[in-house]
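Each chain is listed here by its residues.
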Amino acid sequence: MLRVLRAVITDIDGTLTDERRRLNLQAVQTIRTLQDNGVEVILASGNTSCILKGLSKLIGTGGTFLGENGGVYRVGFTGNLQVLPDRQVALDALDLLTRHFQEQGIRLDMFSPRERFADVAFARTVPVQEVRDLLAGMNVTVLDTNFAIHIQEAGFSKGRAFRTIVSDIGIPLSDFVAIGDSENDIDMIQAAGWGCCVANAGEEVQKAAAFTAGRPYGDGFVEVMARAFPHIQAR
């Protein structure tokens, strides 16, 4: 690897966790080691900002995160939360879905609706393709993260928020390692200097990545970081 890497942007669920969404403790220790040695680590997730605020502190990052699949972000622990899409667009789409599935006797299981500022998210208890077909005429993006179905205004993503954040923190995209496992990570992976994925990533994600770890989930994250920062991990 010829380029000099100075920062990491990582997905959480399926990348820092196991299949049951439990944090991999070796991955957490790896992040702390990197951060303590001057490598900026950014969390990128479909989770809400309130969850990411806590995780950033407890895991040991520098506080910068992007949440709701790039719909919101914060720089450092003291930065203000920035909201990018118009959430009303997603709410209008949700209203259509709610009425459609209610006619079938199905109630959508919503995830943290009061804590979301940019998107809507619900359990994967309805077919993703049916959701996409129903919303095909609306200005929204439907994302399947393997843990939830998310809807947000079209044109916003982890990759777009990533590009916004780097201008704020002064580290170019080329100096980043990006790593993830799901379709919502693809443009973030493609934007980074070295885009990677863990072994449990979907086929399209693996195609987008320059490197796929031999190990899944959090163990794959640790493997990629050892390759990207051998001088730090060997200490």
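Further up the page is the structure itself.
Residues numbered from 1 in each chain as written. Predicted model: local features only at pLDDT ≥ 70, side-chain atom pairs only at ≥ 80, totals over all residues. Heavy atoms only, no water.

## Describing the overall build of the chain
A tally of regular secondary structure across the chain gives nine helices and eleven strands. Against the 2.2 N^0.38 benchmark of 18 Å for 235 residues, the chain shows a C-alpha radius of gyration of 17 Å, consistent with a compact globule. Each principal axis of the C-alpha atoms in the chain carries an extent, and together these give about 60 × 35 × 30 Å. Summed over all atoms, the accessible surface of the chain reaches about 10,400 Å², with 47% contributed by carbon and sulfur. Within the chain, the 28 negative side-chain charges are centred at a point lying 6 Å from the centre of the 23 positive side-chain charges. (Helix = DSSP H or I, 4+ residues; strand = E, 2+ residues; numbered from the N terminus. Rg over C-alpha atoms; globule rule 2.2 N^0.38 Å. Areas by Shrake-Rupley, 256 points an atom, 1.4 Å probe, with all protein chains shown as cover. Lys, Arg positive; Asp, Glu negative; His and termini not counted. Charge placed at Lys NZ, Arg CZ, Asp CG, Glu CD.)

## A short note on the nonpolar core
Counting residues in hydrophobic clusters, the biggest one holds 29 residues, and the most contacted among them are Val8, Val177, Phe221, Val224, Met225 and Phe229. Elements that contribute at least two residues to this core include exactly helix 1 (25-36), strand 2 (40-44), helix 2 (49-59), strand 9 (176-180), strand 10 (194-197) and helix 8 (217-228). In terms of residues, this core owes the most to one element, helix 8, which gives five residues. If sequence neighbours within four positions are ignored, Val177 has contacts with Leu5, Ala7, Val8, Ile9, Ala192, Trp194, Cys196, Val224, Met225, Ala228 and Phe229. (Core = buried A, V, L, I, M, F, W, Y, C linked by side-chain atoms within 4.5 Å. Buried < 20%, exposed > 50% of the residue type's maximum accessible area, 1.4 Å probe, protein only. Contact = heavy atoms within 4.5 Å.)

## Focus on the sheet that holds strand 5 (residues 82-83)
Judged by pairing direction, the sheet is mixed, and its eight strands sit side by side in the order 5-4-3-2-1-9-10-11 without closing on themselves. Each having just a single partner strand, strand 5 and strand 11 (211-212) make up the two edges of the open sheet. In this sheet, strand 4 (residues 72-74) lies alongside strand 3 (residues 65-67) in antiparallel orientation, the contact comprising three bridges. Across the sheet, the residue bridging to Phe65 is Arg74, located in strand 4. (Pairing = 2+ DSSP bridges.)

## Quick look at the pairing of strand 2
Within strand 2, four of the five residues are buried, leaving the element largely enclosed by the surrounding structure. Sheet topology note: the strand 1 (residues 7-10)/strand 2 ladder contains four bridges and is parallel. The residue bridging Thr10 from the neighbouring strand is Leu43, located in strand 2. Relative to strand 3, strand 2 runs parallel, the two sharing two bridges. The partner of Ala44 across the bridge, within strand 3, is Leu66. Handedness of the crossover joining strand 2 and strand 3 through helix 2: right-handed. (Right-handed = clockwise from strand over helix to strand, strands pointing away.)

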